[in-house]
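Listed here are the chains, written in short residue letters.
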Amino acid sequence: MTAPTLPGLEPAPTPVAPRPGSRAARMALPRSIDVLKDIAIEYGVCVRPLAMRRTDLDTGLTEVIDLPCGATREDKCPPCAKKNRRLRQAQIREGWHRDDEPLPGPEPATEAQKSLILFRAHLEFSRDEAVRAAQWDQVTDLDEAIREVEEAITAEGLRGRVGPPHASDDEDQDDEPGPRRKRSTKRRQDAPELPRRKVERRTVGKTYTAPDGSTYQPSMWLTLTLDSYGPVRPDGTPINPARYDYRRAAWDAVHFPRLLDRFWQNLRRCEGWNVQYAGCVEPQRRLAPHAHFAIRGTIPRNVLRTVAAATYHQVWWPSVDVQRYTLDRLPIWDEQAATWVDPDTREPLTTWTVALDTIDDDPDAEPVHVVRFGAQVDARGVMPGTEDAERTIRYVTKYITKNTGDCHKATTDRQRKHLDRLWQQLQVTPCTDRCANWLLYGVQPKKAHAKLKPGRCKGKVHQRDTLGIGGRRILISRDWSGKTLADHKHDARAWVRALLGVTTDGMQLVDDQGDTTERVRHAWELARPDDPDVGPMTHRLMRSISERARWRSELLAAKDRAAQESADLSATQHSAQHDGEETQ
Ligand SMILES: [Zn+2]
Ligand SMILES: [Zn+2]
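Because the structure is a prediction, the values reported are computed rather than measured.

Undergrad: Got a minute to help me understand the coordination of the zinc ion (ligand 1) in this structure?
TA: Any two of four tetrahedral donors ideally make an angle of 109.5 degrees at the metal, while pairs among six octahedral donors ideally make 90 or 180 degrees. The zinc ion (ligand 1) binds to the protein through Cys46 (SG), Cys69 (SG), Cys77 (SG) and Cys80 (SG), with metal-donor distances spanning 2.3 Å. With four donor atoms in place around the zinc ion (ligand 1) and angles of 105 to 114 degrees between them, the coordination shape is tetrahedral. The motif formed by the donor residues of the zinc ion (ligand 1), counted along the single chain, is C-x22-C-x7-C-x2-C. With a gap of 34 residues between them, cysteine 46 in the loop between α2 (32-42) and β1 (50-56) and cysteine 80 in helix α3 (residues 78-96) connect regions that are remote in the sequence. On the accessibility criterion, cysteine 80 (5% relative accessible area) is buried.

Undergrad: Looking at this model, I keep getting lost on the packing of aromatic side chains. Mind explaining?
TA: Where two aromatic rings form a pair, the distance of their centres and the angle of their planes describe that pair. Counting across every chain of the model gives 14 aromatic pairs. The interplanar angle of 75 degrees and the centroid separation of 6.0 Å between the aromatic rings of tyrosine 229 and tyrosine 244 together place this pair among those described as edge-to-face. Of the two residues, tyrosine 229 is situated in the loop between β5 (219-226) and α6 (246-271) and tyrosine 244 in the loop between β5 and α6; the sequence distance between them amounts to 15 residues. Across the pair, exposure class does not vary: tyrosine 229 and tyrosine 244 are buried alike. Both rings, one in tryptophan 333 and one in tryptophan 340, keep their centres 5.7 Å apart while their planes meet at 65 degrees; by these two values the pair is edge-to-face. When the ring centre of tryptophan 480 is taken as reference, the NZ or CZ atom of arginine 296 above it lies at 5.5 Å.

Undergrad: What should I look at first to understand the coordination of the zinc ion (ligand 2) in this one?
TA: The protein atoms donating to the zinc ion (ligand 2) are Cys431 (SG), Cys435 (SG), Cys457 (SG) and His462 (NE2), with metal-donor distances spanning 2.1 to 2.3 Å. Coordination at the zinc ion (ligand 2) is tetrahedral: its four donor atoms span angles of 106 to 116 degrees at the metal. Sequence spacing of the donor residues for the zinc ion (ligand 2), all on one chain, is C-x3-C-x21-C-x4-H. Looking at cysteine 431, the relative accessible area reads 16%, which means it is buried. Classification of cysteine 435 by relative accessible area gives buried; the value is 1%.

Undergrad: I keep staring at helix α7 (residues 301-310) and nothing clicks. Help me out?
TA: Since the α-helix advances by 3.6 residues per turn, residues separated by three or four positions end up pointing in the same direction. Within α7 the residues assigned to the buried category are Val303, Leu304, Val307, Ala308 and Ala310. Looking at the buried positions of α7, the neighbouring elements they touch are β5, α6, β7 (289-295), β8 (312-315) and β11 (369-382).

Undergrad: What's the story with the packing of α3 against helix α9 (residues 387-396) in this structure? I'm lost.
TA: Axis angle and axis distance: for two packed helices, these are the angle between their axes and the distance between the axes, and together they describe the pair. The geometry of α3 relative to α9 is characterised by a closest axis approach of 10 Å and an angle of 135 degrees between their N-to-C directions. As far as their axial angle goes, α9 and α3 are oblique. For α3 against α9, the interelement crossing comes out right-handed. Note on element contacts: α9 touches α3 through Ala389, Glu390, Thr392, Ile393, Arg394 and Val396, opposite Gln89, Ile92, Arg93 and Trp96. Here the residues of the contact of α3 with α9 sort into five nonpolar, two polar and three charged.

Undergrad: Looking at this structure, I do not really get a negative patch on the surface. What am I missing?
TA: Residues Asp361, Asp362, Asp364 and Glu366 make up a contiguous surface patch of negative charge. Here aspartate 364 lies in the loop between α8 (352-361) and β11.

Undergrad: Sorry if this is basic, but what is going on with the sheet that holds β11 here?
TA: Hydrogen bonds between backbone groups are what pair the strands of a sheet, and the pairing can be parallel or antiparallel. Overall, antiparallel pairing links the six strands, which are arranged β8-β11-β5-β7-β6-β12 in an open sheet. Bordering the open sheet on either side are β8 and β12 (474-476), each of which pairs with just one other strand. Each strand axis lies, on average, 20 degrees off the axis of its neighbour in the sheet, ignoring direction. Against the sheet, α9 touches β5, β6 (277-283), β7 and β11, its axis set at about 155 degrees to β11.

Undergrad: Looking at this structure, I do not really get the sheet that holds β1. What am I missing?
TA: Spatial ordering of the open sheet is given by β2-β1-β13, a layout of three strands whose pairing is antiparallel. If you trace the sheet from one side to the other, it starts and ends with β2 (62-67) and β13 (522-526), each paired once. Ignoring strand direction, the axes of neighbouring strands in this sheet form an average angle of 30 degrees. Alignment of β1 against β13, held across five bridges, turns out to be antiparallel. Directly across from aspartate 56, in β13, lies its bridge partner histidine 522.

Undergrad: Please clarify how the environment of methionine 542 should be interpreted in this entry.
TA: Note that methionine 542 resides in helix α14 (residues 537-583). Between the C-alpha atoms of methionine 542 and isoleucine 39, which are 503 residues apart in sequence, the distance is 9.4 Å.

Undergrad: Please clarify how the pairing of β2 should be interpreted in this entry.
TA: Residues in a regular strand point their side chains to alternate faces of the sheet. Direction of pairing for β1 relative to β2: antiparallel, over a ladder of six bridges. Bridge pairing links methionine 52 to isoleucine 65 in β2. In this structure, the hairpin formed by β1 and β2 is closed by a connection of five residues, where glycine 60 is found at a positive phi of approximately 80 degrees.

Cut-offs and rules
- Residues numbered from 1 in each chain as written.
- Chains lettered and ligands numbered in written order.
- Predicted model: local features only at pLDDT ≥ 70, side-chain atom pairs only at ≥ 80, totals over all residues.
- Heavy atoms only, no water.
- Donors = N, O, S within 2.8 Å, 3.2 Å for Na, K, Ca; no water.
- Tetrahedral: all angles 85-135°; square planar, octahedral: opposite > 155°, others 65-115°.
- Helix = DSSP H or I, 4+ residues; strand = E, 2+ residues; numbered from the N terminus.
- Buried < 20%, exposed > 50% of the residue type's maximum accessible area, 1.4 Å probe, protein only.
- Phe/Tyr/Trp six-rings, centres within 6.5 Å; stacked < 30°, edge-to-face > 60°.
- Lys NZ or Arg CZ within 6 Å of the ring centre and 35° of its normal.
- Contact = heavy atoms within 4.5 Å.
- Axes fitted to C-alpha atoms, helices over the stretch in contact; angles between N-to-C directions.
- Parallel < 35°, antiparallel > 145°, perpendicular 65-115°, else oblique.
- Left-handed = near helix turned anticlockwise from the far one by under 90°.
- Nonpolar A, V, L, I, M, F, W, Y, C, P; charged D, E, K, R; others polar.
- Patch = residues over 30% accessible without salt bridge, like charges linked within 9 Å, V, L, I, M, F, W, Y side chains within 5 Å.
- Areas by Shrake-Rupley, 256 points an atom, 1.4 Å probe, with all protein chains shown as cover.
- Salt bridge = Lys/Arg side-chain N within 4 Å of Asp/Glu carboxyl O.
- Lys, Arg positive; Asp, Glu negative; His and termini not counted.
- Charge placed at Lys NZ, Arg CZ, Asp CG, Glu CD.
- Pairing = 2+ DSSP bridges.

Here it is in structure tokens:
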């Protein structure tokens, strides 16, 4: 039975448009502040700029200058993330097909540098003698001297450390009293069955000569994927969730970076030259990581396949077969004994060192986990300067502005459950040898201390939206373009300036000699958003947008002029050539 409608309260006919001036009509209008932000994004203006106050040290005048925030992820600042992606693309483009070595070898050492290293060697010898004679006060003095000499070595302009620090300042030793544990031979990585050659310094691929004399230097594009954990549907979810190996998926994801390192190491040894790569790790739809790489030079596809198949990484950690504790019954810290103990028996848990010694002493011990690549290895050649090369660069950098968890958002229930099951595993998978989650398995992690939260390690890989991909996602080998991201930024600016005909604009770039006059003329400091000279964010955004819009049209005009000039030039050349032919 329906309630009788009261007179005068019949439902009004649905209005086609809200009454002008009504709240609904007002709410339908876009908010001007949102439009401002949209335009800022459209014009590539940073939406959360940092205000920097620049003081001219000669005149005392101050000026507030907005610097872009430099975010790399779109959810923070789309324009900055896009700019960062463009720089990464430039970096990949420049390194990919180069035909010369990116960096000349280091300069020979000076006499002063050599004598410092010699002095350091003498100290090393004396220290060793003092240790043998148990003259500990001398050792301390010598350590002090070594520190000073090493500082001098750095100051003299030598790269890196001459040797690892001594055990007394190496934290790893004070793990446990007693004799230092011998390095295990068991827990070394086995060498894969691959040909081994001496690795040359060469980083540049082979150049080929066509019959017509033109040369070309192809490069490659490679995708490395992990193994299958069970068949999946097109949406990435397992066909049979109960049979999908989530544990292996979690361990593989956590150790994937090590596997990639081993791959490059093996490939270089197998090929005999210093193969260079630039790439990116990102999740597949099934939420397992995979990696795309641009490789400089070409490598036979079957070599890539063989190396991928032979590459593995063994994890020599204590067993995680039995989870002895759960979040409602956890080990506790014994203040007096300074160790983690069982909550009921008060027995100390196995220490990290003892756990590793047990593995060393067991002749049948096996690694707790072995990571390998899956059978799918995609590789193909790419020619420099082609649309294919550009498309590939865009593909490699497609997801770098996104957080791992946002690459494939779970939209269905099935996908959310798949993510949850993976996350459950990631929560109990130890991330490192110091992970607090070791306590769940009755093992004290390396350097255990009172502040550990058993089962609640803060490590990135345990968080739901990292999918176990905890480390860097952009992997670029050292001799790729011979430039850092900051160098590429400098290049991009120099290009724009050259096109606009701007030489200096008061913010002169520091040249090789170190342009000191410009650098000491100004003092910089971070201005606070509520400082009176900073002004509202919206005003600053509007100024930046206007500036960018004018700058953009100038740039377009300059490009047009340049195109027109080169067209004129080639027309003249063409007609000159034509004239030449006629007079022949
Ligand atoms: Zn920004
Ligand atoms: Zn952890």
